[in-house]
Amino acid sequence: MSVQDALDLLTPLVLIPIYWVLFKNGGAEKSTLAEEIVFMALAAVWVLGQGMHLSANSINNLSEAFAKEQVIDITGTDIYRLTYFYDEHLSHYLWHFGVIGLTTLLVYREWRSPTKIQTRWWMAILGGIIFGFTQFLIFLEGQTVAMGFPFAIGLTLVILIWGRKTWGQRPMLAFFFIAYLLAAVLLTGWRVVYGGFPQLTDVGLM
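Residues numbered from 1 in each chain as written. Predicted model: local features only at pLDDT ≥ 70, side-chain atom pairs only at ≥ 80, totals over all residues. Heavy atoms only, no water.

S.K.: Summarise the side chain of asparagine 57; cite the residues concerned and give the values.
M.R.: Residue position: asparagine 57 is located in helix α3 (residues 33-68). The exposure class of asparagine 57 is buried, given its relative accessible area of 13%. When near neighbours in sequence (up to four residues on either side) are disregarded, asparagine 57 contacts Asp5 and Asp87. (Helix = DSSP H or I, 4+ residues; strand = E, 2+ residues; numbered from the N terminus. Buried < 20%, exposed > 50% of the residue type's maximum accessible area, 1.4 Å probe, protein only. Contact = heavy atoms within 4.5 Å.)

S.K.: Lay out the layout of surface pockets in plain terms, naming residues and giving numbers.
M.R.: Taken as a whole, the largest pocket encloses approximately 1500 Å³ of empty space. Contributing to the lining of the largest pocket are 47 residues, with Leu15, Phe131, Thr134, Gln135 and Ile138 lying nearest its centre. The set of elements that each furnish at least two residues to the lining of the largest pocket consists of α1 (3-8), α2 (10-25), α3, α4 (78-112), α5 (121-141) and α7 (171-194). Per-class residue counts for the lining of the largest pocket are 22 nonpolar, 19 polar and six charged. (1 Å grid on protein atoms, 1.4 Å probe; cavity = no way out; pocket = protein on both sides within 12 Å on 5 of 7 lines; lining within 4 Å. Points joined across faces, edges and corners; volume = space filled by probe spheres on them. Nonpolar A, V, L, I, M, F, W, Y, C, P; charged D, E, K, R; others polar.)

S.K.: Outline the packing of aromatic side chains, supporting the account with residue identities and numerical values.
M.R.: Scanning the model with the defined rule gives 17 aromatic pairs in all. Ring plane angle 75° and centroid distance 5.8 Å describe the contact between phenylalanine 149 and phenylalanine 197, whose orientation is recorded as edge-to-face. Here the residue phenylalanine 149 occupies a position in helix α6 (residues 145-163), and phenylalanine 197 occupies one in the segment after α7, the gap between them amounting to 48 residues. Take phenylalanine 149: its relative accessible area is 15%, and that puts it in the buried class. On the basis of relative accessible area, phenylalanine 197 is assigned to the partly exposed category, the value being 23%. Joined through ring pairs, the aromatic side chains of Phe131, Phe151, Phe175, Phe176 and Tyr180 make up one cluster. Above the face of the phenylalanine 23 ring, arginine 109 is positioned so that its terminal group lies 5.4 Å from the ring centre. (Phe/Tyr/Trp six-rings, centres within 6.5 Å; stacked < 30°, edge-to-face > 60°. Lys NZ or Arg CZ within 6 Å of the ring centre and 35° of its normal.)

S.K.: Now, about α5: what can you tell me, with residues and values included?
M.R.: Compared with an ideal rise of 1.5 Å per residue, which puts 21 residues at 30 Å, α5 spans 30 Å between its outermost C-alpha atoms and is within 8% of the ideal. Buried within α5 are the following residues: Ala124, Gly128, Phe131, Gly132, Gln135, Phe136, Phe139 and Leu140. The arc enclosing the buried residues of α5, seen along the axis, measures out at 165°, which places them on a common side. Away from its buried face by more than 90 degrees, α5 exposes Trp122 and Ile130. Against α2, α4, α6 and α7 lie the buried residues of α5. Trailing α5 by a residue or two, glutamine 143 shows a phi angle of about 55°, which is positive. (Expected span 1.5 Å × (residues − 1). Arc of directions from axis to C-beta.)

Read these as layout, nothing more, since geometry by itself doesn't imply function.
As structure tokens, this is what we get:
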């Protein structure tokens, strides 16, 4: 188990409670039971995907290390292929679907029942840049661009066309617009430069 895997155990433990606080305080009206059930379901999908990734990734790394050290080589077996599928495909899509699902829920909740809190633009911009760059990285490294890129473009356009006049009193709308606009721009630039969406490791940047 790598240090990165160990630290990544903290990701849902830290972020999901933050999402919950944003969810509960993101609308003027009390959240409905249906909204809370959707939140719990999306959080469960996130945890399911990330937990699957961490375990499968550790097993994959160990299998490849054993093969490299000529201890035992199972990289050509169905066991390895199944673990790789869980590690690099299914887990990423579940995890990232949970992330963008919670984003959609937060936007919907504020849109449906705005608190009319004044947007602090320096916070929205700073937070949006950090979050947007993070989304760019997870979609790229997780190879979930097919899901994340259209979502980033779609959410940006929806907020730009129908929500731009209310940014000043909808701080989450402003935050997510900045974040996913940046993610969409970075993914577009990556596509132009590299002719596709190779991972950072594939182009020698990690």
